[in-house]
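So you can see what is in the structure, the chains are spelled out below.
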2 protein chains.
Amino acid sequence: MGKIAVLRLGHRVKRDQRVSSHVALTARALGADEVVFSGEYDPGLLESVSKVVERWGGNFKVSYTPSWRTFIAERKTRGEYIVHLTMYGIGIQEVEEELRRAHEERGLVLIVGSSKVPIEVYEEADINVAVTHQPHSEIAALAIALDRIHQGKELNINYPDAKITIKPSRLGKLRKKESPREEIN
Amino acid sequence: MGKIAVLRLGHRVKRDQRVSSHVALTARALGADEVVFSGEYDPGLLESVSKVVERWGGNFKVSYTPSWRTFIAERKTRGEYIVHLTMYGIGIQEVEEELRRAHEERGLVLIVGSSKVPIEVYEEADINVAVTHQPHSEIAALAIALDRIHQGKELNINYPDAKITIKPSRLGKLRKKESPREEIN
């Protein structure tokens, strides 16, 4: 089984902190293996995502690349399949099986853009994939792409090394459980 | 078939514009019927979402309520099923069928919170539903909830009154098509 990297294009420190943070946490929670930010370097963002990983568990990787071009080229050399999520692409419902096969056999890079994505990204991608052809949210598109690639299995991921876990409750709200490790570390 | 309303809690004009806008556009693109904002009144946000509806088509409704309590109470009186999306809830994979039935028979209110959701919301909801028990994004949770309630059918929605449509392309990028109506109006 290949891995899934999410490449976040065009991050701007002032404007995009929350949206880029949502992209990264969605990637982690829904079974991607890493997020790579490009655009402006934002150590605060990298740190806040890393802290979530530290407390909530798992091996999700967080990094920054000064050049998305180089990053994509490198991943292509490794044989990974480059998927650009964009409303201009082919509907995901038509290519789900293809994405799953590419995930299994080669590993994926899922690219999510900011407002203006350079035309080069559309051209360098192996495939442009749309989650509807309507304007909405790269976070929503990423979530649905991951859910469909994993066929829902990502909803049952467990993090044995988590310091915090939730006790689910249909009615009302139960408290978070913090393991003793939380105090020790 | 009942309708789906999305209630966005605790909007703050300065901090939440983009995330609340993503919530609304995700609701529209993935087959909800309306979004209702609460928290701070933000005419700019209402207008920007309404403009998307005007250009991209459909009957999606956008409104503001000064009181989420009153809004929830009214929708309960109508018989609608109140679903609070929260990481503390029961996993969506366990209750999908129930949500679909409630959608068909009663209509749904999907509540998505901001950072601090009052305990009353957990208690007033008919059900608290989690899209993973991990911290991520209300936008992602909403997207997956809608996709599963509609069983993917929302990806094929057409908007006959759209002034703009996309010509999908697997490779490269094609231009948006604006219908002549766009110029006339």
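Being a predicted model, the structure only gives us computed values, none of them experimental.

Draft legend 1. Layout of the interface of chain A and chain B. The interface of chain A with chain B comprises 43 residues on the first partner and 43 residues on the second. Put simply, the parts of the chain that give the side of chain A that touches chain B at least two residues each are helix H1 (13-29), helix H2 (43-56), strand E4 (81-91), helix H4 (92-105), helix H5 (119-124), strand E6 (127-130) and helix H6 (138-149) of chain A. Among the elements that line the side of chain A that touches chain B, the one with the most residues is H1 of chain A, at six residues. Residues of the side of chain A that touches chain B, tallied by class, amount to 24 nonpolar, 14 polar and five charged.

Draft legend 2. A look at the environment of Asn-128 of chain B. Looking at where Asn-128 of chain B falls in the secondary structure, it is placed in strand E6 (residues 127-130). Since 25 C-beta atoms lie within 10 Å of it, Asn-128 of chain B is described here as buried. C-alpha of Asn-128 of chain B to C-alpha of Val-83 of chain B: the two residues are 45 residues apart in sequence and 5.9 Å apart in space. Excluding anything up to four places from it in sequence, Asn-128 of chain B contacts Ser-169, Arg-170 and Leu-171 of chain A together with His-84, Thr-86, Tyr-88, Gly-89, Ile-90 and Tyr-122 of chain B.

Draft legend 3. Inspection of the packing of H4 of chain A against H6 of chain A at higher detail. All names here are of chain A. As a packed pair, H4 and H6 sit with axes 9 Å apart at the nearest point and diverge in direction by 60°. The angle between H4 and H6 places the two elements in the oblique class. Regarding H4 and H6, the two cross each other, and that crossing is right-handed. Taken together, the residues of H6 that come into contact with H4 (itself represented by Ile-92, Glu-96, Leu-99, Arg-100 and His-103) are Ile-144, Ala-145, Arg-148 and Ile-149. Classifying every residue of the contact of H4 with H6 by side-chain character gives five nonpolar, one polar and three charged.

Draft legend 4. Representation of the relation of the copies chain A and chain B. Superposition of chain A onto chain B requires a rotation of 180° combined with a translation of 0.0 Å along the rotation axis, giving an RMSD of 0.0 Å. What the superposition gives is, in effect, a two-fold axis relating one chain to the other. Proximity to the rotation axis, assessed at the C-alpha, singles out Ala-140 of chain A in chain A; its C-alpha lies 2.4 Å from the axis. An overlap of 100% is found between the interface residues of chain A and their copies at the interface of chain B, pointing to a shared contact surface.

Draft legend 5. Broad picture of the nonpolar core. Membership of the largest hydrophobic core comes to 108 residues, with the highest contact counts inside it found for Leu-142 of chain A together with Leu-142 of chain B. Excluding anything up to four places from it in sequence, Leu-142 of chain B contacts Val-6, Val-23, Thr-26, Ala-27, Leu-85, Leu-110 and Val-112 of chain B.

Draft legend 6. Just the confidence of the model for chain A, in detail. Per-residue confidence for chain A gives a mean pLDDT of 94; residues scoring 70 or more make up 95%. With a pTM of 0.95, the predicted complex shows an ipTM of 0.94.

What counts and how
Residues numbered from 1 in each chain as written. Chains lettered and ligands numbered in written order. Predicted model: local features only at pLDDT ≥ 70, side-chain atom pairs only at ≥ 80, totals over all residues. Contact = placed C-beta atoms within 7 Å. Helix = DSSP H or I, 4+ residues; strand = E, 2+ residues; numbered from the N terminus. Nonpolar A, V, L, I, M, F, W, Y, C, P; charged D, E, K, R; others polar. Buried ≥ 20, exposed ≤ 12 C-beta atoms within 10 Å, placed from the backbone. Axes fitted to C-alpha atoms, helices over the stretch in contact; angles between N-to-C directions. Parallel < 35°, antiparallel > 145°, perpendicular 65-115°, else oblique. Left-handed = near helix turned anticlockwise from the far one by under 90°. Least-squares fit on C-alpha atoms with pLDDT ≥ 70 in both. Core = buried A, V, L, I, M, F, W, Y, C linked by C-beta atoms within 7 Å. pLDDT = per-residue confidence, 0-100.

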